[in-house]
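# What the coordinates show
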Amino acid sequence: MAGSVTDPIGHLWRAAQVFRLVTLVYAIGQQLASVQNYTRPQLSWVLVGVMVMWTGVAAALLGGNSVPRGWVVVGDQLIAGLLIIGTRFVADHDWYHNHQTFPTNLWVTNAVFSAALQWGLTGALASAVGLAALSAVARELIDLDLWRDATAPQLIAAGAAVAVAAGTGRRAHDQLERAIRLTAATEERERLAREVHDGVLQVLAYVRRRAGEIGGPAVELADKAGEQEIALRMLISEQNSATDSGGEAVDLRPLLRTQERAGVTVAAPGVPVPLDRRVATEIAAAVAAALANVAQHAGPGARAYVLLESLDSEVLVSVRDDGVGIPPERLHDAETEGRMGVSKSIRGRIAALGGSAALVSAPGEGTEWEFRVPRDGVRQ
């Protein structure tokens, strides 16, 4: 993985290189304390030189953000393995059998850290087990004494801890980026919605109203303008929820406020009303359908009011108008004739969410819908 300025675990890579430099100091101190016990002290200093050189190269490459790290991590495993094997060439059997390998277990841990950051938990475990097994072979500990040696548990535990930390860092970074993208997308949608509302929707509403007032052949134009106004508002509402990828919950208020226009007032709480995306979308669609009925059937000059209330276990949405009302037989006749706007677009949507849709209306007294929907979309 190549580093970048947006590397989600760049800080862990840099911290690992600080640890690498500290372990080098420890390894050199161990060399000074043990060199008199080696059978080939000159060779041991050559290996120390290799360790110092590789520590500097790896720290520079892995701590930066300009080169691919994969091959450096592979080199880390190879150098650590070769230095472990080198123990057999600088000390006699009694020494390497009863002491840690030449580069020290602490320095070898750097290779496990690199594998954990580069390849995750699988890479960390593979590196830890591989290097621990190589250490056991180099020290001839392939017997019951192996279980009293701390090398394998130390490497496995350290690698697993770093791998988990790296995974957490990547997930947190991904969530932050999604939140940033969502915020930018929401702001852009709101800007476009305002422009559409201030321009196209107002013109359509004006055409519908004036054509209705003119009457005659202009009534057909009023109907077409009204249909396109409703369709455009529903499209804006659907886009607001369809492009929301920031999580399972969305705020219902913006979805309802897209329905606001001349003759339609939306009142909502001052705090977010989070709901499952599907639930919020279906409620907004039901409200849009109810307002479409107001526009088509409530009569000229009718005003509509949408009220959102957030209760403990459910949300309550009321859609009320001051129009001509609905005669009792109209809904039955419409359903018989195959016009399913109320039964499917309104009652069907709310019922599918586990809620209820109550209609109160009388001729000359307007119409009121009351939608009650449980917050989780399922009635217990």
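Residues numbered from 1 in each chain as written. Predicted model: local features only at pLDDT ≥ 70, side-chain atom pairs only at ≥ 80, totals over all residues. Heavy atoms only, no water.

The chain has the name histidine kinase in an unreviewed UniProt entry, where Skermania pinensis is given as its organism. Its UniProt record, at the heading Catalytic activity (unreviewed entry), says of the chain: "ATP + protein L-histidine = ADP + protein N-phospho-L-histidine." (UniProt positions renumbered as here; feature names shortened; annotations may be inferred.)

Next up on the list: the packing of aromatic side chains. Tallied over the entire structure, the rule returns 4 aromatic pairs. Ring geometry for Phe 19 against Phe 113: centres 5.1 Å apart, planes inclined by 50°, an arrangement best described as tilted. Of this pair, Phe 19 sits in helix α1 (residues 10-34) while Phe 113 sits in helix α5 (residues 105-139); the two residues are 94 residues apart in sequence, bridging distant segments of the chain. Judged by its relative accessible area of 26%, Phe 19 is partly exposed. (Phe/Tyr/Trp six-rings, centres within 6.5 Å; stacked < 30°, edge-to-face > 60°. Helix = DSSP H or I, 4+ residues; strand = E, 2+ residues; numbered from the N terminus. Buried < 20%, exposed > 50% of the residue type's maximum accessible area, 1.4 Å probe, protein only.)

What follows deals with the side chain of Thr 109. Secondary-structure assignment places Thr 109 in helix α5. Residues within four places of Thr 109 in sequence aside, it is in contact with Phe 19, Gln 154, Leu 155 and Ala 158. (Contact = heavy atoms within 4.5 Å.)

With that settled, consider the side chain of Ser 318. Within the secondary structure, Ser 318 sits in strand β5 (residues 314-321). Setting aside anything within four residues of it in sequence, one finds Ser 318 in contact with Tyr 305, Val 306, Leu 307, Glu 368, Trp 369 and Glu 370.

A word on the nonpolar core. Formed by 40 residues in total, the largest nonpolar core has its most connected members in Trp 107 and Leu 131. For this core, the elements supplying multiple residues, two or more each, are α1, α2 (41-63), α3 (70-90), α5 and α6 (151-214). Residues in contact with Leu 131, not counting those within four places in the same chain, are Gln 77, Ala 80, Gly 81, Ile 84, Val 108, Ala 111, Val 112 and Leu 155. Counting 32 residues, the second largest nonpolar core, distinct from the first, contains Ala 304, Leu 308, Val 315 and Phe 371. (Core = buried A, V, L, I, M, F, W, Y, C linked by side-chain atoms within 4.5 Å.)

Let's shift gears to the confidence of the model for the chain. Scored by pLDDT, the chain has a mean of 81; 82% of the residues are at 70 or more. Low pLDDT (under 50) marks residues 1-5, which in the prediction has 15 contacts with non-local residues, meaning those over four places away or in another chain. Per-residue pLDDT stays below 50 along residues 241-247; that stretch engages in 13 contacts with residues further than four places along the chain or on separate chains. (pLDDT = per-residue confidence, 0-100.)

The 5 strands lie next to each other as β2-β4-β5-β7-β6, forming an open sheet whose pairing is mixed. Here the strands that pair on one side only, and so sit at the sheet edges, are β2 (264-267) and β6 (356-361). Strand-to-strand, the axes of this sheet are offset by a mean angle of 10°, without reference to chain direction. Pairing analysis gives 6 bridges linking β6 to strand β7 (residues 367-374), with the strands arranged antiparallel. In the strand pairing of β7, Val 360 is matched with Glu 368. Its contacts with the sheet put helix α9 (residues 277-297) on β2, β4 (304-310), β5 and β7, and the angle it makes with β5 is roughly 10°. (Pairing = 2+ DSSP bridges. Axes fitted to C-alpha atoms, helices over the stretch in contact; angles between N-to-C directions.)

With burial as the criterion, only one face of β2 is covered, namely that bearing Val 264 and Val 266; the residues Thr 265 and Ala 267 on the opposite face remain uncovered. Pairing analysis gives 4 bridges linking β2 to β4, with the strands arranged parallel. Counted as the bridge partner of Val 264 is Ala 304 from β4.

Quick look at the pattern of salt bridges now. Across all of its chains, the model carries 7 salt bridges by this definition. A salt bridge links Glu 140 to Arg 88, with the nearest nitrogen and oxygen atoms 3.2 Å apart. Within this pair, whereas Glu 140 is found in the loop between α5 and α6, its partner Arg 88 is found in helix α3, the two being separated by 52 residues in sequence. We note a salt bridge from Arg 372 to Glu 314, for which the minimum N-O separation is 2.7 Å. You can see Arg 372 sitting in strand β7 and its partner Glu 314 sitting in strand β5, a full 58 residues away along the chain. The class for Glu 314 is buried, based on a relative accessible area of 13%. Residues joined in a network through salt bridges with shared partners are Glu 314, Glu 370 and Arg 372. (Salt bridge = Lys/Arg side-chain N within 4 Å of Asp/Glu carboxyl O.)

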